[in-house]
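# Remarks on the overall topology
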Amino acid sequence: MLPLLAYSICQTKTNSVTIYPKELESYKWDLRNNFFLGPQLTFSLSSTSVPFGIQKPIIQLQAPVAHFESVNQILAIRARTQNKQRAWLNQFAFIEKDGDTVDLFYSTESQANSNYPPNFSKKINILSGSSNINCYNLDYIDADTWLVDCADTTKRPIVNKFLKVNKAGVVTILNNDNLNEYTFVSKRLLKIQIHTTGFGKENQYVYRAVPAYSTNFSGLDQQSILEVFRVNSDGTLSEPFILDFVTLGLLVGVQDPKYFKFSLVDFQVFPDGKLYVLDAFNGLYVLTLQGNGEFKLLDRIVTNDDQVYGFDIDNLIQEDGTTKLVYTILYNNYAVIKIQGQNQKAYSVPFVASYPSNLYITQEFVVVQNRGITYLYSIYEEELVHREVIDGPKIYLVNPFETEMIGITALDSRRYTLSHGYLTYASASKTTSLKSFTIIATDPDKNTCSVSINYQILDNLDFNVYDLDDPTFPSLIRDFPDPFDLNAFSSGPNLKYAQLETLEADPAINTKIISIWDLQIRGVVLPAATAVIYSDVLVIQNELKFFQLLQTNDYQVQIFDCESQSRYTSVVDCVLEDKFTVPNRLSRQTFAWWTQFDQIYYLLVEKDTSLAIYTSDGGKSGLVKKIDYPSTSEYKITAIEYLKDRFFVVLGNKKEIHIYQAAVPFTEVYILTETIIKGLGFTGNWSPTKIYGNRAHKSYLFFIINKDNIVVADYHIEVSLVKTVPCLASAEIEAAIGLDSFIVVQKTASLDLIQEYDLINLSEIRLIKTLPLYWYQLQSPLQVDFASDTGDVFIRGFDNKSQQTVLLVYTTLSLAHDSLNQVVGLNKYIPNQQEIIFSSAGNSQMFVYLNNGATHKILSFLKNPLLIVSPSYDVQQYYTLSNIRFQISNYVDSNIRLFSRRINLINTQTVLQIDDNKIASYEVRAKPEVDSLVPLGNTWYDGSVLEIDVDCQQCDELIRIKQSVHEVQTSSYNKQNFLDASETVGHRSILQAETRVVILDSQGEQEFTYAVILSTNKFDSCAYVEVSESGTYIFSACYINGAPVIVTSKCEIVSDKIQCFVIGQPKALIGVTKFARIGVVGQSLIVLNANQNDPKSFETSINLYTIAIGDDSVDFVNLKIIGKSFINNGQTPHFACFTVQSFVVSGKNYVKIYITDVGQGVFIIDGSLDASGAFVLISTFEQVSLYQTISEQGQYVTLSTRFYQVGQAAPAAYDSTKNTLTSTILFTTSNTASYAFQFVFNTATVQTGAKIVSKKIVFILNQYGDWTSLNKLTLKNGFAVIPYTNTVSTVLVSFKVPVVFGDKPYLARAHGGIFSTFAYPQATDFFTFINLRDNIPILIANVRYDQQFLITPVTQYQLLPDYYAEIFNRQNKVVSQPLFIYIKNSFTVDGGQSKLIVADFQENETD
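Turning to the overall build of the protein, a few remarks are in order. Across its full length, the protein holds seven helices and 114 strands. By residue count, 58% of the 1407 residues in the protein fall in the buried class. Within the protein, contacts between residues separated by at least 24 positions form 56% of all contacts whose residues are at least 6 apart in sequence. Of the accessible surface of the protein, which amounts to about 56,200 Å², a share of 47% is contributed by carbon and sulfur atoms. Once the 110 positive and 140 negative side-chain charges of the protein are each reduced to a mean point, those two points are 3 Å apart.

This is the structure we're talking about:
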């Protein structure tokens, strides 16, 4: 069985929301989508006196409708559906038994009036004085005829009877056999369906079965039968086709079908002829009835082996109009649901299932009813949304096409809408200030959470700007970021943003907020604006790419393929995709286009009665299909429209709409006539002139414009009537279809009207607001366009204030005060009856072509305002705190809102940029007949470079780049993994492997190796190594049998060669849990007792031991612990690293130990060395809060910053005349730069501790973008190397450490690095170490994994002061040539052109 979905408590998505509804609008906010998370929440408001309410998840939106008369026992109910799809026709019937009388009640309403409960005002008596007859179910044969399934139960076995009933009251009895010879039946299943058999003939079939749980058998019947009757042309029924246990056994392929068990629980049959049969133990069978009356098994769906109690199956309509099959199956205490192509989910149910079960699928919920309780399970959100006891109804019908259900009581019928629950607003008087209330959500355990709503009701014509919740400004900006999408700053129409002057004298940042780009078209020349007579825009899935169509007055059509570089720029590159001539002027009613399989299709009306479909591919267009109607005025084409995978043709004079598939061979699939639409209940004026729809959302809906109404219709396989919207008589009418609403635009001689209707629930389409026009007027003819992906609407208007024609841009499904998103002026008045040319399409940016008759342009309207940040960094400034100020306004006579925000600017220098002028004038100079190593310098680029590459005529062979971190040697050394390193006499390197020590000589070659651990236990391993000051002893920190131990080795120099051997036994250390670092000062061993990978994982300490070495023994005694008790500040220490600094005052050796704590900063411990060299601890210490100090000195650090490693960036300097010690100490951090402090200590009190006199940051090692540093600093010989990771990649970044300090901290950028093969290593997975070889610093590291040997070999790198061009010209083959130089890091790459000059330069000319 699948894991059941977990229960979680109430949570909120936001703390508060500020809104400004207008007086005469209504609005609903989905409580879960907008405010809350959590299953089975109930909602309430903190006040009942606010103009807001809670719409429960199950609610009646209209009053119940009384029956013709009260009823007694309701036996069954049925909705009439369309033949080819399961859409309700809003016609219902139920059968009722009262004593020995059976009556049929029915309701016949228009399909468009589906927001009201059915009115059962008609009754037909079908049986009287027949107490021996029981009826079980019914279904529609047609609009006027029903089939009622009954039986004479006084006979043994019972005698089956079908009663055929028509509206005239005529009852015809059709006897049929009781094949299973049941003596008792409590329930029967019945379904009438028209479908096509395998022979292609369409027939009407009656499917009937007795559920296995409703017979006279004890337990479940195991020999169920499903009967299928064909309805003959004379209304009689054929002999049934039988699906029994033997037939099913044969289809399944069992060895002996006569023993096969078939316990039918339920079945469903679909218009495509697929039959879904649920067996109590064998899952779901998918079959079809073939033309010869035999069944064919298509599939078997088994979710698990548990017994099942019910199921439902349906098609979920997707946003794009396609459907996905979904089924749900109820087991004992859980239900399984699966959507086609998606993973199966399981929902626990709070009851034990029994027969019969009531389980239904709607378009959003699974509805389960058990013992009077209705449960709503979300299909998509994987949780129980709601449970409720609904009083009254005796029986229910659930609509598979919508989210609604019908309930029938003894007295009335009720219609319930199903939802997640809404916060509702429906008109109120204006208020003068903000008020507030709270929405409270309560979960089943009485936990509550809440969201505050701040609101002010505005006058309908109020156009002022009001403050909303805080905008989502970024608080931290690194380098040169991409622009940021912002939420709305303010509420109001036509908002404009302007940056104000900053308060700083020298602002470090320039910002602007963009809502509209005026696009710069590159690559093509558009035709003259005065010649353009039609335009259209087509956007494909790539939101940056669009096709712009322009038709000129010679009827030539040009298609431009355009692509924006990003939403963050106004530059668009276009090419001419196609060019052709058409026979007439295009319009929205005579032209449509779309893309399919990378081809563009054009549909156009070429003549009054003919259509042509062309395709364009690679700039070549060709005719694909012609559709010709009879050449009479009756067949004149008045409009066309394309929606998703079909197109519509309106024959206005004939009052017909023809629907075609929008793919080869473009077959006509349906004709909507006046007869059909009126048969669906339409009673208005049927005079179709235009059709609109949304291509991207709910494309199965289409909107038919009639003379005085708009019909909202649904088409999948056949048309269903959804809603009729009345319009003004004699008005110009246009429509725009949004995502979950649509706009109706009307203009008469005296009235301009823009109204918005809610489309969220198709059974509850309602007017929600009249969009404000303020002082704008609509111009005639009405010109309206809309962007399908966003729902934004573009309407031509006239501005009475500026006396110019404008484009009004409205946002759908927003509050009225925010609906007028933008007003774009055309800079001239264009009179009525003279059309302007504009078109729109798009998603996160909407491309709009706009032509005022003299000039034209393409605009990009952004879905969200875009904050563009352009920092102006000082090259030596890592951190800047800047203030930005914005003004938000809309009209001169409106109020102005001001916003001010402080932004942290971080200059990580990871954005690389080559100065084209400098590099163009830069020459790499080399001499003939000699090899040259030419430094490249760093004056021609900005940024932290990790590698430089070059491309040229003789590159790779004769010209190369020598990196600043230059690999010189790689070795596997006994194929072990190495974890630490140290230095001993003669610049030798001591490498600590898991069980061995390898000693490299001063040239990096292996000089000696020996085993440290001799056991065969694979878990015994060493981790750290340190060398005594004399170089005589090596201390290896290891784990043997899980215990931390120190293994000591003694070394000797024999004939200039080092030899080492282990002395004594491994010594366990008291007080150590885990090694994180070891060190030696004098005759003392220092151990960091911590977890290097996670210093916060336990309480840490610094342990100091005196080293006692005998001839054959080693001990570590006189333990001193620097830990929680020593620090004694009430906090638990989490030490990450330490470094030891020795200095001499008045001939005595003193020591300072710098210990970093990841959260508390640095502790500075004082001590001295006694005559034997043992460490003497001074009880006083100093703590420096690095967070506070870095902040005070104007640099960047956060409360989440962890302080990792510490190292000495320069030798300590003692000044005996001033009694001061100057120390330069570097601290690495987890998420900011690394900071080097210069501490000055007063040595006059050195015997009791040299205290800090001053501290300041003297240099900064810049962070590597936003990557995280690992706790693994290496600092020596003028270089620092820090590893960084982004959890996908790891790099070692090298820095040159400055030695001269100025008044301001020096910002050191990366100076080369190593791209590791590690993805996200721990600090203990590798080592880094710097030694000196021939006065060149050498980095030794193992960060590249060897897949063959499964180890990380040791690699040695030169750390060079510059990047170099290596010119191999001893044979005088290199010639002068251009050099294309590229600089790169993990974030950016840039390139530029220099030149190599080969000539006999003087010495001073080659530098």
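Read from one edge of the open sheet, four strands run 2-38-37-5, paired in mixed fashion. Of all strands in the sheet, those bounded by a partner on one side alone are strand 2 (16-19) and strand 5 (42-45). Sheet twist, expressed as the mean angle between neighbouring strand axes with direction ignored, is 20°. Pairing of strand 37 (residues 435-442) with strand 38 (residues 448-455) involves eight bridges; the strand directions are antiparallel. By the bridge assignment for strand 38, lysine 435 is matched with tyrosine 455.

What follows covers the side chain of serine 107. By secondary structure assignment, the location of serine 107 is in strand 11 (residues 101-108). According to the relative accessible area criterion, serine 107 is buried, its value standing at 0%. One polar contact links the side chain of serine 107 to the main-chain amide nitrogen of asparagine 119, over a distance of 3.0 Å. Those residues within four positions of serine 107 in sequence are excluded, and the remaining contacts are Asn90, Gln91, Phe92, Pro118, Asn119 and Phe120.

On to the state of the cysteines, then. In total, this model carries six disulfides according to the counting rule given. Residue pairing for cysteine 135: its cysteine sulfur links by disulfide to cysteine 150, the two sulfurs lying 2.1 Å apart. Every disulfide takes its handedness from the sign of the S-S torsion; for cysteine 135 and cysteine 150 that torsion is 95°, giving right-handed. Of this pair, cysteine 135 sits in strand 13 (residues 133-142) while cysteine 150 sits in strand 14 (residues 145-152), and the two are 15 residues apart along the sequence. Cysteine 150 matches cysteine 135 in its accessibility class, with the two residues each being buried. Between the sulfur of cysteine 1022 and that of cysteine 1038 lies a disulfide, 2.1 Å long from S to S. Torsion about the S-S bond of the cysteine 1022 and cysteine 1038 cystine: about 85°, corresponding to right-handed handedness. Pair noted here: cysteine 1022 is in strand 87 (residues 1021-1027) and cysteine 1038 is in strand 88 (residues 1033-1040), with a separation of 16 residues, a long-range link.

Restricting attention to buried positions, one finds in helix 2 (residues 245-252) the residues Phe245, Leu248 and Gly249. Taken end-on, helix 2 shows its buried residues confined to a sector of 105°, consistent with a single buried face. Buried residues belonging to helix 2 abut strand 20 (241-243) and strand 23 (283-289). Just downstream of helix 2 lies glycine 253, where phi reads positive at about 95°.

Here we come to the environment of glutamine 599. Residue position: glutamine 599 is located in strand 51 (residues 599-607). The spacing of glutamine 599 and serine 621 is 22 residues in sequence and 9.8 Å in space, taken between C-alpha atoms. When near neighbours in sequence (up to four residues on either side) are disregarded, glutamine 599 contacts Trp594, Thr615, Ser616 and Asp617. A polar contact is formed between the side chain of glutamine 599 and the side chain of tyrosine 601, at a distance of 3.3 Å.

It is possible for side chains of opposite charge to pair when their charged atoms get near one another. The tally for this structure, following the rule as stated, stands at 38 salt bridges. The salt bridge partner of lysine 1276 is glutamate 983, with a shortest N-O separation of 2.1 Å. Taken as a pair, lysine 1276 in strand 104 (residues 1274-1276) and glutamate 983 in strand 83 (residues 978-984) lie far apart in primary sequence, 293 residues in all. Taking the relative accessible area as the measure of exposure, lysine 1276 reaches 27% and is therefore partly exposed. Close ionic contact of aspartate 1094 with arginine 1202 constitutes a salt bridge, the shortest N to O distance being 3.5 Å. Of this pair, aspartate 1094 sits in the loop between strand 92 (1084-1089) and strand 93 (1101-1109) while arginine 1202 sits in the loop between helix 7 (1186-1192) and strand 99 (1203-1215), placing them 108 residues apart in sequence. A relative accessible area of 30% places aspartate 1094 in the partly exposed class. Several salt bridges share partner residues, and in doing so they unite Lys28, Asp758, Glu764 and Arg766 into one network.

Turning our eyes to something else, we now look at the confidence of the model for the protein. Predicted coordinates in regions of low pLDDT should not be interpreted in detail. Looking at the protein as a whole, its pLDDT mean stands at 90, while 98% of the residues score no less than 70. Below a pLDDT of 50 lies the segment residues 1-7, which in the model reaches 17 contacts outside its immediate sequence neighbourhood of four places, other chains included.

On to the pairing of strand 89 (residues 1043-1054). Judged from the eight bridges that link them, strand 88 and strand 89 form a sheet pairing that is antiparallel. By the bridge assignment for strand 89, isoleucine 1034 is matched with serine 1049. The antiparallel pairing of strand 88 with strand 89 creates a hairpin that spans two residues between the two strands, and asparagine 1041 there sits at a positive phi of about 55°. Sheet topology places strand 89 next to strand 90 (residues 1057-1068); nine bridges connect them, and they run antiparallel. Across the sheet, residue isoleucine 1046 finds its bridge partner in strand 90, namely lysine 1067.

What follows concerns the sheet that holds strand 85 (residues 996-1000). Spatial ordering of the open sheet is given by 83-84-85-86, a layout of four strands whose pairing is antiparallel. Strands at the two margins of the open sheet, each flanked by one partner only, are strand 83 and strand 86 (1006-1011). Neighbour-to-neighbour, the strand axes of the sheet open up by a mean angle of 20°, direction not taken into account. In the sheet, strand 83 pairs with strand 84 (residues 988-993) via six bridges, with the strands oriented antiparallel.

For the rest of this paragraph, the subject is empty space enclosed by the protein. This structure, assessed with the given rule, holds five cavities of 30 Å³ or more. Put simply, the largest cavity is a space of about 190 Å³. Around the largest cavity, the lining is made up of 16 residues, and of these Trp88, Ser114, Asn399, Glu402 and Leu721 lie nearest the centre. Here the lining of the largest cavity takes three residues from strand 61 (residues 719-726), the largest share from any one element.

Moving on: the nonpolar core. For soluble globular proteins, the rule of thumb is that nonpolar side chains tend to be buried together. One finds Ile710, Phe742, Ile754, Tyr776 and Tyr810 to be the most contacted residues of the largest nonpolar core, which totals 45 residues. Residue contacts for isoleucine 710: discarding those within four places in its chain leaves Phe703, Ile704, Ile705, Lys723, Thr724, Val725, Cys727, Ile733, Ala735 and Val744. Core analysis: the second largest hydrophobic core is formed by 31 residues, Val1162, Phe1203, Ala1233 and Phe1237 among them.

Calculation notes
- Residues numbered from 1 in each chain as written.
- Predicted model: local features only at pLDDT ≥ 70, side-chain atom pairs only at ≥ 80, totals over all residues.
- Heavy atoms only, no water.
- Helix = DSSP H or I, 4+ residues; strand = E, 2+ residues; numbered from the N terminus.
- Buried < 20%, exposed > 50% of the residue type's maximum accessible area, 1.4 Å probe, protein only.
- Contact = heavy atoms within 4.5 Å.
- Areas by Shrake-Rupley, 256 points an atom, 1.4 Å probe, with all protein chains shown as cover.
- Lys, Arg positive; Asp, Glu negative; His and termini not counted.
- Charge placed at Lys NZ, Arg CZ, Asp CG, Glu CD.
- Pairing = 2+ DSSP bridges.
- Axes fitted to C-alpha atoms, helices over the stretch in contact; angles between N-to-C directions.
- Polar contact = N/O pair within 3.5 Å; in protein donor to acceptor, adjacent residues only side chain to side chain.
- Disulfide = S-S within 2.5 Å.
- Arc of directions from axis to C-beta.
- Salt bridge = Lys/Arg side-chain N within 4 Å of Asp/Glu carboxyl O.
- pLDDT = per-residue confidence, 0-100.
- 1 Å grid on protein atoms, 1.4 Å probe; cavity = no way out; pocket = protein on both sides within 12 Å on 5 of 7 lines; lining within 4 Å.
- Points joined across faces, edges and corners; volume = space filled by probe spheres on them.
- Core = buried A, V, L, I, M, F, W, Y, C linked by side-chain atoms within 4.5 Å.

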